[in-house]
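Structural description and commentary
Chain by chain, the residues run as shown.
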Amino acid sequence: MRTVLLIGASRGIGFELARQYIEEGWRVIATARSDEGLAKLKAMGAETLRLDVANPASNSGLAWQLDGEK
Ligand SMILES: NC(=O)c1ccc[n+]([C@@H]2O[C@H](COP(=O)([O-])OP(=O)(O)OC[C@H]3O[C@@H](n4cnc5c(N)ncnc54)[C@H](OP(=O)(O)O)[C@@H]3O)[C@@H](O)[C@H]2O)c1
């Protein structure tokens with residue numbers, strides 16, 4: 001299964017891309033900052049990770065959570 005990582009997918013272009021990739025059978029790893037955004041993405045079938053790109057610790061956390069992903 002092909003995998004895509006979408007950063008900032010709680011709404012707008014990121015959310016719509018997540019919707020379309022899931023519809024086409026891709027494995028979607030999508031990030032959001034809020035509980036609400038994460039819940040919306042999970043309900044749609046995405047795997048979710050919490051990320052605020054403006055926060056260095058949050059970025060470091062993303063790196064180890066994606067360890068081993070292709
Ligand atoms: N060049 C062009 O023609 C063109 C056209 C359209 C859009 N754009 C650009 O494309 C981008 C997306 O557009 P959009 O309409 O989808 O915008 P949007 O509806 O405002 O969505 C922005 C997304 O980015 C997330 N985000 C914001 N700050 C973040 C942070 N610090 N860390 C992680 N995620 C963060 C938001 O999450 P939250 O829900 O947590 O805030 C949201 O999911 C924007 O930068 C826009 O300016 C360019």
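If you're wondering where the values come from, they're calculated on a predicted model, not measured in any experiment. (Residues numbered from 1 in each chain as written. Predicted model: local features only at pLDDT ≥ 70, side-chain atom pairs only at ≥ 80, totals over all residues. Heavy atoms only, no water.)

What follows covers the pairing of strand 2 (residues 27-32). Most of strand 2 is tucked away: five of the six residues are buried. Of the strand pairs in this sheet, strand 1 (residues 3-6) and strand 2 are connected by four bridges, and their pairing is parallel. Note that in strand 2 the partner of Val 4 across the bridge is Val 28. Handedness of the crossover is the feature at issue here: the chain leaves strand 1, passes through helix 1 (residues 12-23), returns alongside strand 2, and the resulting connection is right-handed. Pairing analysis gives four bridges linking strand 2 to strand 3 (residues 47-50), with the strands arranged parallel. Paired with Thr 31 across the bridge in strand 3 is Leu 49. Following the chain from strand 2 across helix 2 (residues 35-44) to the adjacent parallel strand 3, one finds a crossover that is right-handed. (Buried < 20%, exposed > 50% of the residue type's maximum accessible area, 1.4 Å probe, protein only. Helix = DSSP H or I, 4+ residues; strand = E, 2+ residues; numbered from the N terminus. Pairing = 2+ DSSP bridges. Right-handed = clockwise from strand over helix to strand, strands pointing away.)

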